[in-house]
Amino acid sequence: MQRELIRYRPVVQGIILVFLCLIPLQAAFSSYSSTGGQSTAVSLRDITVTPLSNAATITFLVTGSVQTVVIEKKGTNVAQVRMKSMKATDKALNSALPKPGVISVQAHIERADVLVTDVRFKREVTSMSVIQRTSEKVVVRISLGKELSASEQQSGNNSSSEPSTDWSLSTIVIDPGHGGKDPGAIGIGDVQEKAITLSVAKKLRDELKKSMPGVNIVMTRENDSFVEIYKRGEIANKKKGKLFISIHCNSMPEKPHPATGFECWILRPGKSDDAARVASRENNAIQYESNRKKYDTLDAEIAILGSLAQSASARYSEQLAANIRSAMKRKTPLADRGIHQAGFYVLVGASMPAVLLELGYLSNQKDVKTLKSTSGQQKMAKALAEGIKNFEKGYAESLGD
Ligand SMILES: [Zn+2]
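Now for a description of the structure that goes with this document. (Residues numbered from 1 in each chain as written. Predicted model: local features only at pLDDT ≥ 70, side-chain atom pairs only at ≥ 80, totals over all residues.)

**Some words on the overall build of the protein**
Counting its regular elements, the protein contains 12 helices and 16 strands. For the protein, the residues scored as buried account for 46% of the 401 residues in total. In the protein, 78% of the contacts between residues at least 6 apart in sequence involve partners at least 24 apart. (Helix = DSSP H or I, 4+ residues; strand = E, 2+ residues; numbered from the N terminus. Buried ≥ 20, exposed ≤ 12 C-beta atoms within 10 Å, placed from the backbone. Contact = placed C-beta atoms within 7 Å.)

**Points about the nonpolar core**
Among the nonpolar cores identified, the biggest contains 48 residues, and Leu 243, Ile 324, Val 355, Leu 357 and Leu 384 are the most heavily contacted of them. Ranked by residues supplied to this core, first place goes to helix α12 (residues 374-399) with eight residues. (Core = buried A, V, L, I, M, F, W, Y, C linked by C-beta atoms within 7 Å.)

**A closer look at helix α5 (residues 193-211)**
End to end, α5 covers 27 Å across 19 residues, agreeing with the expected 27 Å (1.5 Å per residue, within 8%). Every buried residue belonging to α5 is among Glu 193, Lys 194, Ile 196, Thr 197, Leu 198, Val 200, Ala 201, Leu 204, Glu 207 and Leu 208, and all of these are buried. (Expected span 1.5 Å × (residues − 1).)

**Focus: helix α11 (residues 365-372)**
Listing the buried residues of α11 in full gives Asp 367, Val 368, Thr 370 and Leu 371. The arc that holds the buried residues of α11, viewed along the axis, is 160°, so those residues lie on one side. (Arc of directions from axis to C-beta.)

**Topic: the pairing of strand β2 (residues 42-51)**
Relative to strand β6 (residues 86-87), β2 runs parallel, the two sharing two bridges. Bridge pairing in β6 links Val 42 to Met 86. Note that β2 and strand β3 (residues 55-63) share eight bridges and pair antiparallel. Among the inter-strand pairings, Thr 48 is bridged to a residue of β3, identified as Thr 59. The turn linking β2 back onto β3 is made up of three residues. (Pairing = 2+ DSSP bridges.)

In short, geometric facts, not functional conclusions.
Okay, structure coming up:
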């Protein structure tokens, strides 16, 4: 099997560069500086914003030399600092204390290892510069202009295409697993995973349109077509998805098999045999793709992401999985097999809360009936929609803090 796909290779220099190419960095940033050193991750310890008379400083305490610091003014009153090859705990990300003149400080890890910090001021941001950079700290100075009205303070939003600061669930991406020349798992009675995933995905789309009107629903495929795995995450990012649901069905090599029930998977280092089995089977879809070279990069991303289990997206992914799990338990006859973690390619490309679902076992007599029947699919779609809806409620509350 392709178990090596989810094993963590050491990150080599160069991969970071390839990885960076995926982000339109140069085009987006007004200032760029790099020391070009090694690409080992530097830990963030603390963020402090210090207001001065007509300026402010943002001090990042770090352990090691930060390779790349990018500063940019976003909109009227937001100063954004991006640092490459970083890791941070939730505690460090949320370490900034409220200060006069500062509306908010939001820090998160994006694209595996990019620390993005947005500081929103009550005054206009006129210029920014990195004034100090040692192996212990990075200090950015922000010059501030005129005081803004309350509405200007909030409306001075960033115009970036990066899915960084706007966390409202404006766009939900549904990813029906497999398709076209990739049938996915083949179950009892030769039922194909790709057909079930598409059918449930369409029903989920229709449910979400009813229960969450105004939310944009994006499908990574709408018919029996083949979509490369990396493209699925790319579609999600391009469409500015705020939530990513990948739908799959489980199967055992032996049919029929007693294994039964649904599983929710999130992106984390996969250690158990079960995790290795599922991840290797789902990642196997890449055998149908012609350009497999790009997955060397994705492999590295999995390794990096795995070490960033504390990132904001990972936390929200867990909450999303928990909400879906409880709705599936209540609304479907499928047994609950819990929440698991593994390194799935399809989840890696999407920089948003993401969950991969294994709806049930195509190799199980009872599961396959539910998976194949219209009423069973309807129940699953309703459960998924309810899970997403409940997640949204908690999400909105947590963001309102
Ligand atoms: Zn699958």
